[in-house]
Amino acid sequence: MPAQRLDGRACATEVEVELLERVSSLKDEGVEPHLAVIIVGDDPASHVYVNSKVKTCGRLGIRSTHIALPSSTEEATLEHHIHDLNQREDVHGILVQSPLPPHMDEEALTDLIAPHKDVDGFHPQNLGRLVQGRTDGMLPCTPSGVMRMLRWANIDLEGKRAVVLGRSRIVGMPAALLLAARGADATVTVAHSRTQELEAVCKEADVLVAAVGRPDMVKADWVKPGAIVVDVGINRVDDDTRERGWRLAGDVDPSVADVASWLSPVPGGVGPMTIAMLMENTVRAAEAVHHR
Ligand code: NDP
């Protein structure tokens, strides 16, 4: 039987329905949730992501401010924008779209965002809380979207062996922490480019989260029959059969659907959940300020 679909679009729609109500309650109390997004340069994929975030804000009644700066922008100018948005009481969430141009220190700049407005969840204070096992703060959107999707599918993680393929600050590491946190209670292995016998490690997983950025890397024979597989990867691969000349591929080969019990599609899996969680963080930030 082919794997069931971990349908990120359906789950994101449920999250949106919930958020519409929370936004409406905030507005009844005179608060308009407001997300500011800064983008530097003209990377086409980043502009697509930002537009889609702005569009989702519009759908949910969240105000958005879109600040687009040229790639030649000096770091000091971006710092100035961040400080200004930190000060503004009407702005609840600030996001600096990655990647920044090479002359900018992305980590240092995102560290300048006030932690309570850090809707990406990358500030050391927010990641530090997660390391402490406190999962009620600003969580990084992609990993928290993965967790929400697993909950949506009623998957019980307790005692399960989870393998996270990838150890990045934005996906792999926080995903591992969330899977191991109290309440989720999985037993977690983090694999990366120095891991030996990677296929065998993956094959031990009851839950496999792939976040490597290598198209179709995880093959069907790396996966334990019946495993739950979450494909975080978003990779552009050349494809002459498409009019635009490329297609999106995940990190998981589609043939894994013949072995796994659940598989998230690309597109339509983790991608929509990432945006939904960004919206939730923004609403949460607005609620926190209001109820302080
Ligand atoms: P990074 O490049 O920051 O991290 C990739 C990780 O994979 C690293 O830990 C790296 O190991 C590991 N890795 C790379 N190659 C191999 C290999 N051959 N074998 C084992 N491990 C390997 O990527 P991100 O975490 O930022 O993103 C991962 C994927 O997720 C990308 O496709 C990205 O586009 C996608 N993504 C999707 C999002 C969504 O909304 N769906 C959001 C964010 C990212 P090492 O640390 O040793 O170098």
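### Here we look at the packing of helix H2 (residues 44-60) against helix H9 (residues 270-290)
Where H2 contacts H9, the axes come no closer than 10 Å and their chain directions differ by 55 degrees. Accordingly, the angle class assigned to the pair H2 and H9 is oblique. Between H2 and H9 the crossing geometry is right-handed. Residue-level contacts link Ser 52, Lys 53, Thr 56, Cys 57 and Leu 60 of H2 to Ile 275, Leu 278 and Met 279 of H9. For the contact of H2 with H9, the per-class residue count stands at 5 nonpolar, 2 polar and 1 charged.

### Digging into the environment of Thr 187
When you line up the elements, Thr 187 lands in strand S6 (residues 187-191). With 20 residues separating them along the chain, Thr 187 and Val 207 place their C-alpha atoms 9.9 Å apart. Excluding its chain neighbours within four sequence positions, the residues that come into contact with Thr 187 are Gly 159, Lys 160, Arg 161 and Ala 162.

### Topic: the domain arrangement of the protein
On domain assignment, one finds that the protein holds domain 1 (30-114) and domain 2 (141-271). The distance between the C-alpha centroids of domain 1 and domain 2 comes to 28 Å.

### Let's talk about the site of the ligand
Within the structure, the ligand sits among 21 residues, and Arg 167, Ser 168, Ser 193, Arg 214 and Thr 274 are positioned closest to it. The separation between an oxygen atom of the ligand and a polar side-chain atom of Ser 168 is 2.5 Å. The backbone of Val 232 places a nitrogen or oxygen atom 3.4 Å from a nitrogen atom of the ligand. Across the complex, the protein chains shield 71% of the 920 Å² of accessible surface that the ligand would expose by itself. No other element matches the 3 residues that H9 contributes to the shell around the ligand. Here the residues of the shell around the ligand sort into 9 nonpolar, 10 polar and 2 charged.

### Considering helix H5 (residues 124-131)
Within the sequence span of H5, burial applies to Asn 126, Leu 127 and Leu 130. Buried positions in H5, seen along its axis, are confined to an arc of 95 degrees and lie on one side of it. Packed against the buried residues of H5 are helix H7 (172-180). Phi turns positive one or two residues past the end of H5, at Gly 133, with a value near 90 degrees.

### Concerning the packing of aromatic side chains
In the structure shown here, the tally under the stated rule is 0 aromatic pairs. Sitting over the ring of Trp 246, Arg 236 keeps its end group 3.8 Å from the ring centre. Here the guanidinium or amino end of Arg 244 rests over the ring plane of Trp 246, the centre of that ring lying 4.1 Å away.

What counts and how
- Residues numbered from 1 in each chain as written.
- Predicted model: local features only at pLDDT ≥ 70, side-chain atom pairs only at ≥ 80, totals over all residues.
- Heavy atoms only, no water.
- Axes fitted to C-alpha atoms, helices over the stretch in contact; angles between N-to-C directions.
- Helix = DSSP H or I, 4+ residues; strand = E, 2+ residues; numbered from the N terminus.
- Parallel < 35°, antiparallel > 145°, perpendicular 65-115°, else oblique.
- Left-handed = near helix turned anticlockwise from the far one by under 90°.
- Contact = heavy atoms within 4.5 Å.
- Nonpolar A, V, L, I, M, F, W, Y, C, P; charged D, E, K, R; others polar.
- Domains from an automatic or database assignment.
- Near = heavy atom within 4 Å.
- Polar contact = N/O pair within 3.5 Å; in protein donor to acceptor, adjacent residues only side chain to side chain.
- Areas by Shrake-Rupley, 256 points an atom, 1.4 Å probe, with all protein chains shown as cover.
- Buried < 20%, exposed > 50% of the residue type's maximum accessible area, 1.4 Å probe, protein only.
- Arc of directions from axis to C-beta.
- Phe/Tyr/Trp six-rings, centres within 6.5 Å; stacked < 30°, edge-to-face > 60°.
- Lys NZ or Arg CZ within 6 Å of the ring centre and 35° of its normal.

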